[in-house]
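Survey of secondary and tertiary structure
Each chain, written out:
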Amino acid sequence: MIRARAYGAIERSTAVFVALAIQLVAVAVVGDVFAAPPDDAGLPPPSGTVLRVAPLARGERLMDFDLVAAMAPASDPAPSAPAAEPAAAPAPETAPEETVADPPPEAAPVPLAERAPQPAPEPTPAPRPTSAPTAPSAVTPISAMAQAELRMLALMNASRAQEGLAPFAFDAGVSDTARRHSALEAQVGYVYHDGPDGTAASRNVPACGSGWYGENTGKVWSGGVDALHREFMAEPWAPINHRTNIMDPNFRRAGIGAVQGPDAIYITVVFCR
């Protein structure tokens, strides 16, 4: 009987010692579990649920915490600290660590290759330096001859208009023939119809393209083209002369060639039907 009591006292003492040891171990483990990890010092303070969940994601402590929580009720029916912890153990899947403790990830920058190309601004052209206006240059011989040809055409059309006749149309091809004849006249120094370059018919019939033609020719000194036109129109009426060529209603086209010679301006007018 005494031996049985002694064994019972030993068993109770052993149980108390084991319970105290388990309690000490549980307090140490729980204190370690609830302590904030060193590398989370810069994170915001977590809530009560996070204190129980975030350390569980770190790995090996989950196994230690489960063993202590399972062993505590077997020795001590009402331990104060570890009794409430087993309820928080099965919550590792409630929230991932990175969504609770870590700030939301920043949007990744768009690669340069995927950015829409921006059109380069067009350079503003530099203003061109404006040169000072130059004095009008003297009229070149070519432009002077062109003006003489147009003046002769205008004078002849004005005379025809007084008689109710249709104006002449300027024929560029016939004008080339008239200029070649005026150039040869300027070389020899006199005006003619039949001479160094053949006859008037041999020149003008092919140019007009018909069997009907007329030709006026002359040289201009003082007074210019106006004086030559007045001389043409001052002639008496005759079947064929300068005046009748200008006023012939059957002629509808005119080629005019003016060439500057060494002594005067030579002008040839070829009339065509």
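What counts and how
Residues numbered from 1 in each chain as written. Predicted model: local features only at pLDDT ≥ 70, side-chain atom pairs only at ≥ 80, totals over all residues. Heavy atoms only, no water. Salt bridge = Lys/Arg side-chain N within 4 Å of Asp/Glu carboxyl O. Helix = DSSP H or I, 4+ residues; strand = E, 2+ residues; numbered from the N terminus. Buried < 20%, exposed > 50% of the residue type's maximum accessible area, 1.4 Å probe, protein only. Pairing = 2+ DSSP bridges. Contact = heavy atoms within 4.5 Å. Axes fitted to C-alpha atoms, helices over the stretch in contact; angles between N-to-C directions. Disulfide = S-S within 2.5 Å. Polar contact = N/O pair within 3.5 Å; in protein donor to acceptor, adjacent residues only side chain to side chain. Phe/Tyr/Trp six-rings, centres within 6.5 Å; stacked < 30°, edge-to-face > 60°.

Before going further, it helps to spend a moment on the pattern of salt bridges. Under the counting rule described, the total for this entry stands at 7 salt bridges. Residue Arg179 is joined to Glu149 by a salt bridge in which the shortest nitrogen-to-oxygen separation is 2.8 Å. Placement of Arg179 in helix α6 (residues 172-188) and of Glu149 in helix α5 (residues 141-162) is noted, with a sequence separation of 30 residues between them. Classification of Arg179 as partly exposed rests on a relative accessible area of 28%. On the accessibility criterion, Glu149 (5% relative accessible area) is buried. Residue Asp263 is joined to Lys219 by a salt bridge in which the shortest nitrogen-to-oxygen separation is 3.0 Å. Of this pair, Asp263 sits in the loop between β3 (253-260) and β4 (265-272) while Lys219 is found in strand β2 (residues 213-220), placing the two residues 44 residues apart along the sequence.

On the basis of which strands lie adjacent, the open sheet formed by 4 strands has the order β1-β3-β4-β2 and mixed pairing. In this open sheet, the two strands that pair with only one neighbour each are β1 (169-170) and β2. Bridging between β3 and β4 involves 8 bridges; their strand directions are antiparallel. Bridge assignment links Val259 to a residue of β4, and that residue is Tyr266. Relative to the sheet, α6 contacts β1, β2, β3 and β4, its axis offset from that of β3 by approximately 35°. Helix α7 (residues 200-208) rests against β2, β3 and β4 of the sheet, and its axis sits at about 115° to β2.

This brings us to the environment of Arg273. Looking at the secondary structure, you find Arg273 in the segment after β4. In this structure the C-alpha to C-alpha distance between Arg273 and Gly214, which are 59 residues apart in sequence, comes to 9.2 Å. Beyond its immediate chain neighbours, meaning those up to four positions away, Arg273 contacts Ser210, Trp212, Asn250, Phe251, Arg252 and Arg253.

Attention now moves to the state of the cysteines. If you walk through the whole model with that rule in mind, you get 1 disulfide. One disulfide in the model links Cys208 with Cys272; its S-S distance is 1.8 Å. Judged by the sign of its S-S torsion, about -60°, the cystine formed by Cys208 and Cys272 is left-handed. With a gap of 64 residues between them, Cys208 in helix α7 and Cys272 in strand β4 connect regions that are remote in the sequence. The exposure class of Cys208 is buried, given its relative accessible area of 6%. Judged by its relative accessible area of 1%, Cys272 falls in the buried class.

Turning our eyes to something else, we now look at the environment of Lys219. According to the relative accessible area criterion, Lys219 is buried, its value standing at 17%. For the pair formed by Lys219 and Ala258, sequence separation is 39 residues and the distance between their alpha carbons is 9.2 Å. Not counting chain neighbours up to four residues away, the residues in contact with Lys219 comprise Gly189, Val191, Leu228, Asp263, Ala264, Ile265 and Tyr266. Within polar-contact distance, the side chain of Lys219 engages the side chain of Asp263 at 3.0 Å. A distance of 2.9 Å separates polar atoms of two side chains, one belonging to Lys219 and the other to Tyr266.

Here the focus is the packing of aromatic side chains. One pass over the full model with this rule turns up 3 aromatic pairs. A ring pair is formed by Phe168 and Phe271, whose centres lie 5.4 Å apart and whose planes are at 50°; its orientation type is tilted. Of this pair, Phe168 sits in the loop between α5 and β1 while Phe271 sits in strand β4; the two residues are 103 residues apart in sequence, bridging distant segments of the chain. An identical accessibility class is assigned to Phe168 and Phe271; each is buried. Plain terms: the ring middles of Phe251 and Phe271 are 5.8 Å apart, the flat faces sit at 25° to each other, and that makes the pair stacked.

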